Amino acid sequence: GVKKDYEEFVQQHPDYVRARLAYGSFLLQSGDSEGAQAQWEKASQLAPKNPAVWNNLGKLYEDGNIKKAFEYFSKAIELDPSQSVYYWNLAVGVYMFRADAEEYWKISEPEVFDKALGLYQKAMRLDPDNFILATDYAECFYGIRPLRLQEGLAAWNQCLKIAHDEVERQGVYVHLARVQLALNHFDESRRALDAVTNKMYFVLKDKLARNLAEAMQHMLTNGPPQPAR
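All residue numbers refer to positions counted from 1 along the written sequence of the respective chain. The predicted nature of this model means local features are confined to residues of pLDDT at least 70 and side-chain atom pairs, given and counted, to a pLDDT of 80 or more, with totals for whole chains, interfaces and linings taken over all residues. Excluded from the side-chain calculation are hydrogens and water; included are all heavy atoms of the structure.

Caption draft 1: How the structure looks around the overall build of the protein. A count of helical and extended segments in the protein gives 13 helices and zero strands. Starting at the N terminus, helices and strands are each numbered in turn, a helix being any DSSP run of H or I of at least four residues and a strand any DSSP run of E of at least two. Ordered by position from N to C terminus, the α and β elements of the protein give α-α-α-α-α-α-α-α-α-α-α-α-α. Projected onto its principal axes, the C-alpha coordinates of the protein cover approximately 75 × 40 × 30 Å. Residue exposure (1.4 Å probe, protein chains only): buried if accessible area is under 20% of the type maximum, exposed if over 50%, otherwise partly exposed. Put simply, the protein has 229 residues, and 39% of those count as buried.

Caption draft 2: Representation of the packing of aromatic side chains within the structure. Only Phe, Tyr and Trp rings take part, Trp by its six-membered ring, and two of them pair if their centres are within 6.5 Å. Stacked means planes under 30 degrees apart, edge-to-face means over 60, and tilted covers everything else. What the rule picks out here adds up to twelve aromatic pairs. Ring geometry for tyrosine 137 against phenylalanine 141: centres 5.3 Å apart, planes inclined by 85°, an arrangement best described as edge-to-face. The exposure class assigned to tyrosine 137 is buried, which follows from its relative accessible area of 10%. Among the aromatic side chains, those forming a connected cluster through ring pairs are Tyr6, Tyr23 and Phe26. Either the NZ atom of lysine or the CZ atom of arginine qualifies as a charge over a ring when it sits within 6 Å of the ring centre and within 35 degrees of the ring normal. In this arrangement the basic side chain of arginine 98 is found over the ring face of tyrosine 95, its NZ or CZ atom lying 5.0 Å from the centre. For lysine 115, the ring lying beneath its charged end belongs to tryptophan 105, and the centroid distance is 4.5 Å.

Caption draft 3: Quick peek at the environment of alanine 209. Relative to the assigned elements, alanine 209 resides in helix H13 (residues 202-222). Its relative accessible area of 23% is what places alanine 209 among the partly exposed residues. Put simply, alanine 209 and aspartate 194 are 15 residues apart on the chain and 9.7 Å apart in space, counted from C-alpha to C-alpha. It only takes one pair of heavy atoms within 4.5 Å for two residues to be counted as in contact. In this view, alanine 209 contacts Arg190 and Leu193; residues no more than four positions away in its chain are not counted.

Caption draft 4: How the structure looks around helix H2 (residues 17-29). Multiplying 1.5 Å by the residue count of a helix minus one yields the expected span of that helix. End to end, H2 covers 19 Å across 13 residues, agreeing with the expected 18 Å (1.5 Å per residue, within 8%). All buried positions along H2 are accounted for by Val17, Ala19, Arg20, Leu21, Tyr23, Gly24 and Leu27. Among the structural elements, helix H1 (2-12), helix H3 (33-46) and helix H4 (51-61) are those in contact with the buried residues of H2. One or two steps after H2, the chain reaches glycine 31, where phi turns positive at roughly 95°.

Caption draft 5: The arrangement of the pattern of salt bridges in detail. Any Lys or Arg side-chain nitrogen located within 4 Å of an Asp or Glu carboxyl oxygen qualifies as a salt bridge. If you walk through the whole model with that rule in mind, you get six salt bridges. The partner of lysine 67 in a salt bridge is glutamate 103, and the shortest N-O contact between them spans 2.9 Å. Placement of the pair is lysine 67 in helix H5 (residues 66-79) and glutamate 103 in helix H7 (residues 98-105), with a sequence separation of 36 residues. Measuring nitrogen to oxygen at the nearest pair gives 3.7 Å for the salt bridge that ties glutamate 71 to lysine 68. Taken as a pair, glutamate 71 and lysine 68 lie in helix H5 at a separation of three residues, close to a single helical turn. When its relative accessible area of 37% is taken as the criterion, glutamate 71 is described as partly exposed.

Caption draft 6: Geometry of the packing of helix H8 (residues 109-126) against helix H9 (residues 131-140). Note on geometry: axes are C-alpha line fits, over the in-contact stretch for helices, and angles between N-to-C directions span 0 to 180 degrees. Look at H8 against H9: their axes get within 10 Å of each other, and the N-to-C directions meet at 160°. Taken as axis vectors, H8 and H9 run roughly antiparallel relative to one another. Relative to H9, the crossing made by H8 is left-handed. Contact residues: Leu117, Tyr120, Gln121, Ala123 and Met124 in H8; Leu133, Ala134, Asp136, Tyr137 and Cys140 in H9. Oblique is the label for any angle not under 35 degrees, not over 145, and not in the 65 to 115 range, which are roughly parallel, roughly antiparallel and roughly perpendicular in turn. The crossing is said to be left-handed when, going from far helix to near helix, the turn is anticlockwise and less than a right angle, and right-handed when the turn is clockwise.

Read these as layout, nothing more, since geometry by itself doesn't imply function.
As structure tokens, this is what we get:
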């Protein structure tokens, strides 16, 4: 019934871009990606300066044509550089599809990491209290090579500052314990683990506690380790 209502409305108002955007979202949620694409492509023809159209198309193309997604997310940013989500969407694409990003922008892998992080940072400046965005950014540092542990530590500390409740804070403490352990900061790692009291994190806490104990035993047996790089 909803689809029928959308169809009738679009037929009566074929140039109403907001209706095509909404209808495309409905179709995508219903599993009809081709139908969503048709609505959004038509919207892009009707309103080529509407950034939401290009952002939606970018999300659609992430699964099949990431380079086209790069183009569309970039276009959305160009049309409205004040929207955090546009930078965020492009940052995720660049980070997840690094080889494609290297080829698209003709840059090296380290430069791809820098580009993705820079996009995340722009998004966070526009939406500084977005905890999910901040944690998404912080988690990037686990996959960057060579590791940038100090930057990752700073990112998780920022997440701690903007956590909304105790569940979010304790989740951050788990990550802080992990990064501090990687830095061979054993006392700091232990303090972070001690702050984790919620049962939902106990499996991770126990694993990190074992890793910490092994690292401390290794230090006693072999001398102080070199900090991870």
